[in-house]
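Given next are the chains, with one letter for each unit.
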Amino acid sequence: MDRTRAHRAAALLVIAATALCGPAPATAGPSRSGVRLSVDRATLPITGQCNGGELRVRLTNRGPAPVYADAVLTAPAALHLPRRLISTWLPAGYTRTVPVAVSAPAGTPTGTYTVSVTSGEHRVAVPVVVSPARPSADLARSAVRVSASSSRTGFPVCGAVDGDADPAHWGHGTGWADGTGRQWPDWYELTWSGPRQPARVTLTTVGSAQFPTARYGLRDWDVQLATAAGWRTVAAVRGNTAVTVTSTFPRQRTGALRIVTHAANGLNDQSRIVELSVS
Amino acid sequence: MLPPHRPAPAVRIGALPRRGLFALGGAALAVALAPVTTRTAMAAAAPRSDPFTLGVASGDPLPDGVVLWTRLAPRPLEPLGGLPFAGYPVQWQIAADPAFRRVVRAGTATARAEYGHSVHVDVRGLRPGHDYYYRFRTGGHLSPTGRTRTAPAVSASPRALRFAVASCQAYTDGYFSAYRHLAAEDLDVVFFLGDYIYENAVTSVGGNRFDPALRLPDAFELPVDTLDLYRMRYALYRSDPDLQAAHAAFPWVLTWDDHEVQDNYAAGVPRFDIPARDFLVQRANAYRAYWENQPLRRPQQPSGAGMRLHRRLRFGDLAEAHVLDTRQYRSDQACGDGLRAGCADRDDPRRSVLGDAQRGWLLDGMNRSGTRWTILAQQMMMAECRYGGDPALLDMDKWDGYAADRRKVLATAARVPGTVVLTGDVHINYAADLRPDFGRPSAPAVAVELVGTSVSSGGNGTDSTPRLDQQRRDSPHLLFANAQRGYVRCTLTRSTLRADYRTLPFVNRPGAPITTRASFVSDRDRPGLSPA
């Protein structure tokens, strides 16, 4: 940490210690020490964008009266946290637990980073260990970047490369859906840190009693590879009605692969991929 | 001309600003709702970039005053608007002219971090029934100018009251073009009837706005249940230029519905499976953010999970508006909520949508007001609304699910000439006659209801649907139904109500034109809507 950053961090802590956890001005407030801070995880191992972890920040009001409490999270720019602040009303004796996801964008150097959580006079530092992704026969699991044209809330890009290809788990964060609805095409992309040589893509779309393939499943898509001349289509699927489809093509070197979707069955509203594997 | 940006030196509360632009005119009698206290750490310097990104607003007009509102947020999509945990002095002015040559009141309030850097100024000492212009300044930054209007004197006999009815503005469902047109209307006040924000996740492109320039951070995809996230949600909504224009044009009188907290909640009962105590904490966070982000007075400021939002506003002897809260005190929805047929519990007199105290306050106020017109500014459709079947399916979340309370209100309305119910919630325009027994269409109406469609919720919409056509056939008291977006523009004169249903052809892109889809009138002494 350079001097400027250290100075900023110190300044933040001073502000936090003097201004956070103030009682609601409309109520008689207890001392700041009435709020206790704890964080569930002592250390947090993660391996990148799609293998992050979760801290659970707990704020407990041990004072006799309700307060509005704040917790500030600070982390190096190398880590991604969707939130850096938690503010909440705390009745006397009440504990609020807030999960905070921690991930590392593609290309984050491996090593140990620190997430600090500060509330009033309390500060908890959690080491976050970023490790290289484990080698896998499934090239999708070792992508350094997973991205898409858009994503629907609850259906993140990481859901389609999490190793869970069970369509019955659709709706529980284990698949990807685009965020647009009835707008085509959409795309879903894997980028590797260096050249890979894929020859086979297996795509699982939805197919369960609640989400039958005929109504919600993906129908038409292309498999494309990045080349020096741009994206090149190496396989195309049209009129699909199956839950799982494997496309094969001549093995070749590439740094990225994407699925371009053109239509879905039935409602024809969204792209739904439960799992994508590449070998 | 705007003053040049000038980093403020050390804070001097109440110091006169440079260049005389904000010279104090008259005694600063305003009551700043967030006075400086020793607990507020003051920032050493003004925000470096424009902190007035969320616009200005005024609300709850009285004959001698109005609430002025703004919130500092130089980076509105960040926690605390990009500001540190420190307070900022904010100077305010209110003038009789838009050039601020005749400043009538001015002062300094504090935008405190504890209140999300919002500013509420309860200005008093104004003249009744007059237009005023107001603005704020902090450091070298000057806010946009807002226009507002005080209510007529209590003893005055105004010839007319002009107002609009708006509700339900899901950011993710479309653009707020309706407000661009509303801002150009000639109105005394705007009634906003709930669902100012939606608690659902917003994608980086703003849902169906598909605005790639928006680039919302993924914090907007988190479930909204803490104060910081509710504050950010208001910041997103209030950053919309059309919404800002409508707030800057007129004073607003607001109430909430469910989405300001959580879809279809009932008092302390959440819709979703979370413990009741956790839900009350969520409600407290939501109520706090609501107060911070609206032009409301201190009596409305929440205490924990409770907030007194129901209140009355009087417009001379012409009208009194009873602003209702049908969420905070209601009994849980009958028969498991949703559309139900033959649900006996909906008639249970022990169940209430207003709660005993608010219902007593309302009925007493209706009986006492003595104005030509009585306005009930509230959320849910009061007229019976059938959804097919025999017996008919009825929505347990509406007044249909709380029939005992409805009977009491309509029995009172039968004795109080000129009762007009204003409604939001359903994203549909309806014009309805209200009868104590909806099964007897030959009985005279005792009041009328104007159900205003959504500003954006539901997307583009259509002029009609098979369901709406069926509802019209099943319910003679429903005189009009339309499922496009827009608002209702109304005029009350001494003896006549006129309602113009203003609709847009689309909201999935900006720039929609507006037309008047239908107009209705009703006579004060013989209630009943007929085409104008």
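Residues numbered from 1 in each chain as written. Chains lettered and ligands numbered in written order. Predicted model: local features only at pLDDT ≥ 70, side-chain atom pairs only at ≥ 80, totals over all residues. Heavy atoms only, no water.

An unreviewed UniProt entry lists chain B under the name Alkaline phosphatase, with Actinoplanes auranticolor as the source organism.

Under the annotation held in an unreviewed UniProt entry, chain A carries the name F5/8 type C domain-containing protein and is attributed to Actinoplanes auranticolor.

**Q** Residues and numbers for the pairing of strand S16 (residues 373-377) of chain B, please.
**A** Residues and elements named next belong to chain B. Within S16, five of the five residues are buried, which leaves the element mostly enclosed by the surrounding structure. What you see with S16 is no split at all: Trp 373, Ile 375 and Ala 377 on one side and Thr 374 and Leu 376 on the other are buried throughout. Across five bridges, the pairing between strand S14 (residues 319-323) and S16 is parallel. The residue of S16 that forms the bridge with Val 323 is Ala 377. (Buried < 20%, exposed > 50% of the residue type's maximum accessible area, 1.4 Å probe, protein only. Helix = DSSP H or I, 4+ residues; strand = E, 2+ residues; numbered from the N terminus. Pairing = 2+ DSSP bridges.)

**Q** An account of the interface of chain A and chain B is requested, with residue identities and associated values reported.
**A** Often, the extent of an interface is quoted as the loss of accessible area upon association of its parts. Counting residues at the interface gives 30 residues for chain A, matched by 31 residues for chain B. Between chain A and chain B, the buried area comes to about 2,600 Å², and carbon and sulfur atoms account for 59% of it. Linking chain A to chain B there are two salt bridges. As a salt-bridge pair, Asp225(B) and Arg96(A) come within 2.7 Å of each other at their nearest N and O atoms. Mapped onto the side of chain A that touches chain B, the elements with two or more residues apiece are helix H1 (3-19), strand S4 (67-74), strand S5 (85-90) and strand S6 (95-102) of chain A. (Contact = heavy atoms within 4.5 Å. Buried area = accessible area lost by both parts, 1.4 Å probe. Salt bridge = Lys/Arg side-chain N within 4 Å of Asp/Glu carboxyl O.)

**Q** So, the packing of helix H2 (residues 227-238) of chain B against helix H4 (residues 276-292) of chain B: which residues are in play, and what are the values?
**A** All names here are of chain B. At their nearest, the axes of H2 and H4 sit 9 Å apart, and the two run at 35° to each other. Between H2 and H4 the crossing geometry is right-handed. Along its contact with H2, which presents Leu 227, Tyr 230, Arg 231 and Tyr 234, the element H4 presents Gln 282, Asn 285, Ala 286, Arg 288, Ala 289, Tyr 290 and Glu 292. (Axes fitted to C-alpha atoms, helices over the stretch in contact; angles between N-to-C directions. Left-handed = near helix turned anticlockwise from the far one by under 90°.)

**Q** Which residues make up helix H5 (residues 356-368) of chain B, and what values go with them?
**A** Residues and elements named next belong to chain B. Helix length check: H5, at 13 residues, gives a terminal C-alpha distance of 18 Å against a target of 18 Å (1.5 Å per residue), a fit within 8%. Buried within H5 are the following residues: Gln 358, Arg 359, Trp 361, Leu 362, Leu 363, Gly 365 and Met 366. Downstream of H5 by one or two residues, Gly 370 has phi in the positive range, about 75°. (Expected span 1.5 Å × (residues − 1).)

**Q** Break down the state of the cysteines for me, citing the residues and quoting the values.
**A** All names here are of chain B. Under the counting rule described, the total for this entry stands at two disulfides over all chains. Between the sulfur atoms of Cys 335 and its disulfide partner Cys 343 the distance amounts to 1.9 Å. Here the S-S torsion is close to 85°, and the disulfide linking Cys 335 with Cys 343 is therefore right-handed. The partly exposed category is assigned to Cys 335, whose relative accessible area is 34%. Overall, the relative accessible area of 7% leaves Cys 343 in the buried class. The thiol of Cys 168 is not disulfide-bonded; the next cysteine sulfur, from Cys 385, is found 14 Å away. (Disulfide = S-S within 2.5 Å.)

**Q** Explain the UniProt feature "domain: PhoD-like phosphatase metallophosphatase" (unreviewed entry) in chain B residue by residue, including any values.
**A** The UniProt record marks residues 163-501 of chain B with the feature "domain: PhoD-like phosphatase metallophosphatase" (unreviewed entry), using the residue numbering of this structure. The distance separating the terminal C-alpha atoms of residues 163-501 of chain B is 12 Å; by composition the span is 23% helix and 22% strand. (UniProt positions renumbered as here; feature names shortened; annotations may be inferred.)

**Q** Hey, could you go over the packing of H5(B) against helix H6 (residues 403-413) of chain B for me, with residue numbers and the actual values?
**A** Residues and elements named next belong to chain B. Put simply, H5 and H6 touch, their axes get as near as 10 Å, and they point 10° apart. Looking at the two axes, H5 sits roughly parallel to H6. Remark: the crossing between H5 and H6 carries right-handed chirality. Between H5, through Arg 359, Leu 362, Leu 363, Met 366 and Asn 367, and H6, the contact on the second element is made entirely by Asp 405, Lys 408, Val 409, Thr 412 and Ala 413. Considered class by class, the residues forming the contact of H5 with H6 number five nonpolar, two polar and three charged. (Parallel < 35°, antiparallel > 145°, perpendicular 65-115°, else oblique. Nonpolar A, V, L, I, M, F, W, Y, C, P; charged D, E, K, R; others polar.)

**Q** Before we move on, could you go through the sheet that holds strand S9 (residues 145-148) of chain A and cite the residues and values that matter?
**A** All names here are of chain A. Taking strand neighbours across the sheet as the criterion, the five strands line up as S9-S11-S16-S13-S14 in an open arrangement whose pairing is antiparallel. If you trace the sheet from one side to the other, it starts and ends with S9 and strand S14 (230-237), each paired once. Here the average twist between neighbouring strands, direction ignored, is 20°.

**Q** Pulling in residues and values, what's your account of the domain arrangement of chain B?
**A** Residue and element names in this part refer to chain B. For chain B, the assigned domains read domain 1 (18-149) and domain 2 (160-531). Between the C-alpha centres of domain 1 and domain 2 there is a distance of 29 Å. Buried area between domain 1 and domain 2, both sides added, is near 2,900 Å², and the carbon and sulfur share of it is 52%. In this structure, the connection of domain 1 to domain 2 is made through three salt bridges. Taken together, domain 1 and domain 2 are joined by 19 residue pairs in polar contact (both at pLDDT 80 or more). Listing elements by their share of the side of domain 1 that touches domain 2, those giving two or more residues are strand S2 (56-62), strand S3 (65-71), strand S6 (118-123) and strand S9 (146-149). (Domains from an automatic or database assignment. Polar contact = N/O pair within 3.5 Å; in protein donor to acceptor, adjacent residues only side chain to side chain.)

**Q** Tell me about the side chain of His477(B), and name the residues and values.
**A** Residue and element names in this part refer to chain B. In this structure, His 477 sits in the loop between helix H7 (466-474) and strand S22 (478-493). Within the structure, His 477 has its side chain in polar contact with the backbone oxygen of Glu 384 (distance 2.7 Å). Once you skip the residues sitting within four places of it in the chain, His 477 turns out to touch Ala 383, Glu 384, Ala 431, Ala 432, Asp 433, Arg 435 and Phe 438.

**Q** Describe in detail the nonpolar core, supporting the description with residues and values.
**A** Ranked by internal contacts, the top residues of the largest apolar core, which has 89 residues, are Leu79(A), Val115(A), Tyr179(B), Leu182(B) and Trp252(B). Per element, the largest residue contribution to this core is eight residues, and it comes from H4(B). When near neighbours in sequence (up to four residues on either side) are disregarded, Leu79(A) contacts Ile46(A), Arg84(A), Val102(A), Ser103(A), Ala104(A), Pro105(A), Tyr113(A), Val115(A), Val128(A) and Val130(A). If you look at the next biggest cluster of nonpolar residues, it comprises 34 residues, including Trp361(B), Trp399(B), Tyr430(B) and Val451(B). (Core = buried A, V, L, I, M, F, W, Y, C linked by side-chain atoms within 4.5 Å.)

**Q** How would you sum up the confidence of the model for chain A? Please name residues and give values.
**A** Across chain A, the average pLDDT comes to 84, with 88% of residues at or above 70. Note on residues 1-31 of chain A: pLDDT under 50 across the span, and 50 contacts to partners over four residues away in sequence or across chains. (pLDDT = per-residue confidence, 0-100.)

**Q** Please give an account of the environment of Leu354(B) that cites residues and values.
**A** Along the chain, Leu354(B) falls in the loop between strand S15 (339-341) and H5. Ignoring anything within four residues of it in the chain, the contact list for Leu354(B) reads Leu324(B), Asp325(B), Thr326(B), Tyr329(B), Arg359(B), Leu362(B), Trp399(B), Asp405(B) and Val409(B).

**Q** Which residues make up unusual backbone geometry, and what values do they have?
**A** All names here are of chain B. In this structure, the amide linkage connecting Asp 390 to the following residue, Pro 391, adopts the cis form with an omega of 5°. The residue Pro 391 is located in the loop between S16 and strand S17 (393-395) in this model. Not every positive phi belongs to a glycine, and Cys 335 is a case in point at roughly 50°. When you line up the elements, Cys 335 lands in the loop between S14 and S15.

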